[in-house]
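# Observations on the model geometry
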Amino acid sequence: MTSTRITDVRAWEALDSRGRPTVACAVTLAGGGTGRAVVPSGASTGGHEAVELRDGGDRYQGKGVSRAVANVGAVLAPAVVGHDADDRPAVDAALEATDGDRLLGGVGANAVLAVSLAVTLAAADQAREPLWRRLGGPEPLLPLPMVNIVSGGAHAGGLLDLQDILVVPVGAGSFAEAIEWASRVRAATADALAQRGVGGPLVADEGGLAAALDDNEAALAVVTEGIARAGLDGRVALAVDVAANQLRDGAGYRLRREGRTLDPTAWVDLLDGWCARYPVVSVEDAVAEDDWTAWRAASARWCPTRQVLGDDLFATDGDRLRRGVEAGVANAVLVKPNQAGTVTRAERVVAQARAAGYATVVSARSGDTEDSWLADLAVGWRAGQIKVGSTTRSERTAKWNRLLEIEATAPDARFAGAATLGGRAMTAAG
Ligand code: PGA
Ligand code: ZN
């Protein structure tokens, strides 16, 4: 019997970075290899992503995951014990087959992903290889980071309508330099906010700055000012995650902070003006996940010059990505393993995107954990880009620190840089 045979699968209820319960899992192989994972959880979740199982009731305000944990023991462990951890597609297929629904809400996508990840990590441990190498081979590609500076939406109590204003260090020559620049811009932006009298010490869910600015454009302006104060004009650009599902109001988009609702055309026009006035190289979820008409219009306008990134739109799902590619919608895909439910599904979406000429951005969630496997996935899959939040809070720095470690210690490490952005985005960097 092979040493990579799965012999034991255990799960327990742990906490994510927001203090909400999440599923943790440990897997042991016959040869002694072990893997352990604690899964993340989103706040601005889309309607098409794999579904977490939560308990309801009184414990943890209904957000307990004891039923998902029980399903690991009663359903998922029996489905995979005896399988070869090295044959991950077969293990993940066995996990997916335990739920009749593709979104896995019966057994719990949080339970499924915990097992899928722990098996993946155990196989790497058994081989005594770093996970990135196990997934991708000997030449690690360090991703270009997209780093959260100012937060709004569901990540900052609705202080802004836009969910995230991020920076992309497009001129950096290494991952380490990219992180230093992002950190410098965060500090300079905090100073700029303090000078306006709106910058307190408030830190949002992903470690970004939370501030009661007058309107959404002021957030773009203050981060642009932060870039200038940091002396990084032209070398650091902006990215925006609108998370527009959260703004959907009937057929239009509502800016609560500004007291107005716009139809999709006027909304895309407004965003287009912001993109022209500030150095925006990437726009994520500019319109809602099922507003295909507006997605087509926004894509026709922006795809030639900017990265147009689908998060809730694609939900890390191969069928939705295929539809988008056929419709000429977006030119980049956000890849969140817990939207997909298994590591294999997420990996296939990366391959599918690459084949279609779409850029890929591996992403953490707003509720995340101290785990760093996401960094290894981005490197091993050669995704090109990664988004894990800001440069503060340990669940964020765990991923940055892992990438810094890989860059410093892997002999053939190469930094992806700005060439990986979708849509000749550098022309927008100005
Ligand atoms: P979420 O946010 O994890 O709350 O969904 C992240 C994102 O929208 O990219
Ligand atoms: Zn998003």
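Up top is the structure these notes are about.
Residues numbered from 1 in each chain as written. Chains lettered and ligands numbered in written order. Predicted model: local features only at pLDDT ≥ 70, side-chain atom pairs only at ≥ 80, totals over all residues. Heavy atoms only, no water.

### Looking at the packing of aromatic side chains
Taken as a whole and judged by the stated rule, the model has 4 aromatic pairs. Consider the rings of W267 and W274, whose centres lie 6.1 Å apart with planes at 85°: the pair is edge-to-face. With respect to burial, W267 and W274 carry one shared label: buried. Aromatic pair F314 and Y358: ring centres 6.4 Å apart, planes at 65°, arrangement edge-to-face. Placement of F314 in the loop between strand 12 (307–310) and helix 9 (318–326) and of Y358 in the loop between helix 11 (343–355) and strand 14 (359–363) is noted, with a sequence separation of 44 residues between them. Residues F314 and Y358 agree in their burial class; the two are buried. Connected via pairs of aromatic rings, a cluster forms that spans Y253, W267 and W274. (Phe/Tyr/Trp six-rings, centres within 6.5 Å; stacked < 30°, edge-to-face > 60°. Buried < 20%, exposed > 50% of the residue type's maximum accessible area, 1.4 Å probe, protein only. Helix = DSSP H or I, 4+ residues; strand = E, 2+ residues; numbered from the N terminus.)

### A short note on the site of ligand 1
Lining the immediate surroundings of ligand 1 are 14 residues, of which A43, H155, R365, S366 and K387 lie closest. At 2.9 Å from an oxygen atom of ligand 1 is found a main-chain nitrogen or oxygen belonging to S44. A distance of 2.9 Å separates an oxygen atom of ligand 1 from a polar atom in the side chain of Q163. Burial of ligand 1 by the protein chains amounts to 100% of its free accessible area of 280 Å². Of the residues in the shell around ligand 1, the class split is 2 nonpolar, 5 polar and 7 charged. (Near = heavy atom within 4 Å. Polar contact = N/O pair within 3.5 Å; in protein donor to acceptor, adjacent residues only side chain to side chain. Areas by Shrake-Rupley, 256 points an atom, 1.4 Å probe, with all protein chains shown as cover. Nonpolar A, V, L, I, M, F, W, Y, C, P; charged D, E, K, R; others polar.)

### What about the nonpolar core?
General note: in soluble globular proteins, nonpolar side chains tend to be found buried as a group. With 143 residues, the main nonpolar core has V167 and W267 as its most contacted residues. The dominant element in this core, judged by the number of residues it contributes, is helix 3 (residues 109–126), at 13 residues. Discounting residues that sit within four places of it in the chain, V167 has contacts with P145, M146, V147, I149, A182, V185, V223, I227, V236, A237 and L238. (Core = buried A, V, L, I, M, F, W, Y, C linked by side-chain atoms within 4.5 Å. Contact = heavy atoms within 4.5 Å.)

### Things to note about the side chain of D317
Within the secondary structure, D317 sits in the loop between strand 12 and helix 9. Owing to a relative accessible area of 10%, D317 belongs among the buried residues under this scheme. At 3.0 Å, the side chain of D317 forms a polar contact with the backbone nitrogen of R320. With sequence-adjacent residues up to four places away left out, D317 is seen in contact with R102 and V349.

### Observations regarding the pairing of strand 6 (residues 164–168)
Within strand 6, 5 of the 5 residues are buried, which leaves the element mostly enclosed by the surrounding structure. Every second residue of strand 6 is oriented toward a common face, with D164, L166 and V168 on one face and I165 and V167 on the other, all of them buried. In this structure, strand 6 lies alongside strand 7 (residues 237–241), joined through 5 bridges in antiparallel fashion. Paired with I165 across the strands is V240, a residue of strand 7. (Pairing = 2+ DSSP bridges.)

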